[in-house]
Amino acid sequence: MPRVLSCIQPTGSVHLGNYLGALVNWVSGQHDGNVYHGIVDLHALTVTESPQVLGNQTIELAAMLFAVGLDPNVATVFVQSHIHEHSELAWIMECTVSFGELSRMTQFKDKSAKREGEFISAGLFTYPALQAADILLYDADEVPVGEDQRQHIEITRDIAVRFNHRFGDTFVLPKAVHPKAGARVMDLQDPTSKMSKSATTDSGIIYMLDDNATIDKKFKRAVTDSDGVVIYDREKKPGVANLLDILAAATNTPVETLATKYTQYGPLKNDAGDAVVALLDPIRTRYHELMNDRGELARLLSIGNDRAREVAAQTLGRAHQAIGLLPRI
Ligand code: TYM
């Protein structure tokens, strides 16, 4: 069975892009591999400035991960800051990646440009080193992520290759796995940008906790184009293609089949909205049940934390040994 690892940041609310691009596959894949899923609060710290926010967002995200169907007895769900090996291996990764490589990361360029004039943490720049640590600590063969994470997995491979070359075979080389449908869910108001927590307005983002009427309204108001023909063409008709992609992912139907079924935008928007409502409604109910039982949530998380700690400690030990750090006295 392959080792599978993927993580998500507890920043803002989970949205349909996270769900269709990542979480659906985490759930469907949990029986096909030895899977690890982290709530990466230390990554969120790169942009967090208010006290007492991250902990709440971490527990909310944990409830969401269990609500979408991750089974703590099957999948290892853990909190990154509870496994100190992540920070420790991240430093070693920082010493294995170059300033030039980090400077070429598009996420750093985008995020720092958006924060122009504001505080830009060094952590935002070294972020990929921590992500490499997340992945390599668990000897992951596969990392299921949306398209936006491609560059991060490539740099992780580069770091692993360099480390293995310098210090001997230590880390498994991971590969990114992208879902067929939903790999890139776009903003409903700006279908040339990905649906993202950092968008300026909420009207193009479907949040997992939006109520049914809100979801319906957001789909009805989705931006399309003026030529009125339903064709799947991401370049020329990004709005229509996004609706088709979402409907395809939500109903598990090939996008080509769907494209021939519609002649007008109205019914396509309605069906996409209905399909997403049907998908999210039961998840929301389960989420609220879990949030009302904090003791149970903590218990579920501790199962994953214990399992993650065991693996992470072994891998970090292997890395220290390969480098030849003086064994602990
Ligand atoms: P994050 O928290 O931004 O997103 C979590 C997952 O959701 C996917 N995703 C999307 N997929 C399709 N369409 C979208 N609009 C969309 N928006 C987000 C992301 O691709 C991701 O799979 N750096 C990572 C977190 C991370 C990580 C890791 C991931 C830290 N360490 C180790 C994998 C392995 C991030 O910010 O994801």
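Because the structure is predicted, anything quoted here is derived from the model rather than measured. (Residues numbered from 1 in each chain as written. Predicted model: local features only at pLDDT ≥ 70, side-chain atom pairs only at ≥ 80, totals over all residues. Heavy atoms only, no water.)

Details of the environment of Ile-215
Structurally, the position occupied by Ile-215 is in helix H9 (residues 212-220). Overall, Ile-215 belongs to the buried group, its relative accessible area being 0%. Excluding anything up to four places from it in sequence, Ile-215 contacts Ile-206, Asp-210, Gly-273, Val-276, Val-277, Leu-280 and Arg-284. (Helix = DSSP H or I, 4+ residues; strand = E, 2+ residues; numbered from the N terminus. Buried < 20%, exposed > 50% of the residue type's maximum accessible area, 1.4 Å probe, protein only. Contact = heavy atoms within 4.5 Å.)

Details of the packing of helix H6 (residues 106-114) against helix H7 (residues 122-136)
In the contact formed by H6 and H7, the axes pass within 9 Å of each other and the chain directions differ by 160°. Our classification of the angle between H6 and H7 gives roughly antiparallel. Along this stretch, H6 crosses H7, giving a crossing that reads as right-handed. Note on element contacts: H7 touches H6 through Leu-124, Phe-125 and Tyr-127, opposite Gln-107, Phe-108, Lys-111 and Ser-112. (Axes fitted to C-alpha atoms, helices over the stretch in contact; angles between N-to-C directions. Parallel < 35°, antiparallel > 145°, perpendicular 65-115°, else oblique. Left-handed = near helix turned anticlockwise from the far one by under 90°.)

Notes on the site of the ligand
By nearness alone, 28 residues border the ligand, and Gln-9, Tyr-127, Asp-134, Asp-148 and Val-185 come closest of all. Gly-17 is positioned with one of its backbone polar atoms (N or O) 3.2 Å from a nitrogen atom of the ligand. Its free accessible area being 710 Å², the ligand has 97% of it covered by the protein chains. Among the residues making up the shell around the ligand, the classes are represented as twelve nonpolar, eleven polar and five charged. (Near = heavy atom within 4 Å. Polar contact = N/O pair within 3.5 Å; in protein donor to acceptor, adjacent residues only side chain to side chain. Areas by Shrake-Rupley, 256 points an atom, 1.4 Å probe, with all protein chains shown as cover. Nonpolar A, V, L, I, M, F, W, Y, C, P; charged D, E, K, R; others polar.)

Looking at the packing of aromatic side chains
In this structure the tally under the stated criterion is six aromatic pairs. Among the aromatic residues, ring-to-ring pairing joins Tyr-36, Phe-78 and Tyr-138 into one connected group. (Phe/Tyr/Trp six-rings, centres within 6.5 Å; stacked < 30°, edge-to-face > 60°.)

What to know about the domain arrangement of the chain
Splitting the chain by domain gives domain 1 (3-182 + 293-323) and domain 2 (212-289). Of the residues lining the interface, twelve residues belong to domain 1; the matching set on domain 2 comes to ten residues. Here domain 1 meets domain 2 over a buried area of about 930 Å², counting both sides, of which 79% is carbon and sulfur. Per-residue buried area on domain 1 facing domain 2 is highest for Leu-16, Leu-20 and Ala-67; these three make up 44% of the total on that side. (Domains from an automatic or database assignment. Buried area = accessible area lost by both parts, 1.4 Å probe.)

Overview of the environment of Asn-18
Tracing the backbone through its elements, the reader meets Asn-18 in helix H1 (residues 16-29). By relative accessible area, Asn-18 is classed as buried at 15%. Sequence separation between Asn-18 and Phe-108 is 90 residues, and the spatial gap between their C-alpha atoms is 20 Å. The contacts of Asn-18, once residues within four sequence positions are left out, are Ile-8, Ser-13, Leu-23 and Lys-197.

Comments concerning helix H8 (residues 150-167)
The end-to-end C-alpha separation of H8 is 26 Å, in line with the 26 Å expected for 18 residues at 1.5 Å each. For H8, the set of buried residues is His-152, Ile-153, Ile-155, Thr-156, Ile-159, Ala-160, Phe-163 and Asn-164. Just downstream of H8, Gly-168 is the residue with a positive phi angle, here 100°. (Expected span 1.5 Å × (residues − 1).)

Quick look at the pattern of salt bridges
Scanning the model with the defined rule gives 15 salt bridges in all. Among the ionic pairs, Arg-150 bridges to Glu-147, the shortest N-O distance being 2.9 Å. Under the relative-accessibility criterion, Arg-150 is labelled partly exposed at 37%. Looking at Glu-147, the relative accessible area reads 28%, which means it is partly exposed. Of the charged contacts in the structure, one is a salt bridge between Lys-237 and Asp-225, with a shortest N-O distance of 3.1 Å. One end of the pair, Lys-237, is in the loop between H9 and helix H10 (238-251); the other, Asp-225, is in the loop between H9 and H10, with twelve residues separating them in the sequence. A relative accessible area of 5% places Lys-237 in the buried class. With relative accessibility at 26%, the residue Asp-225 sits in the partly exposed group. (Salt bridge = Lys/Arg side-chain N within 4 Å of Asp/Glu carboxyl O.)

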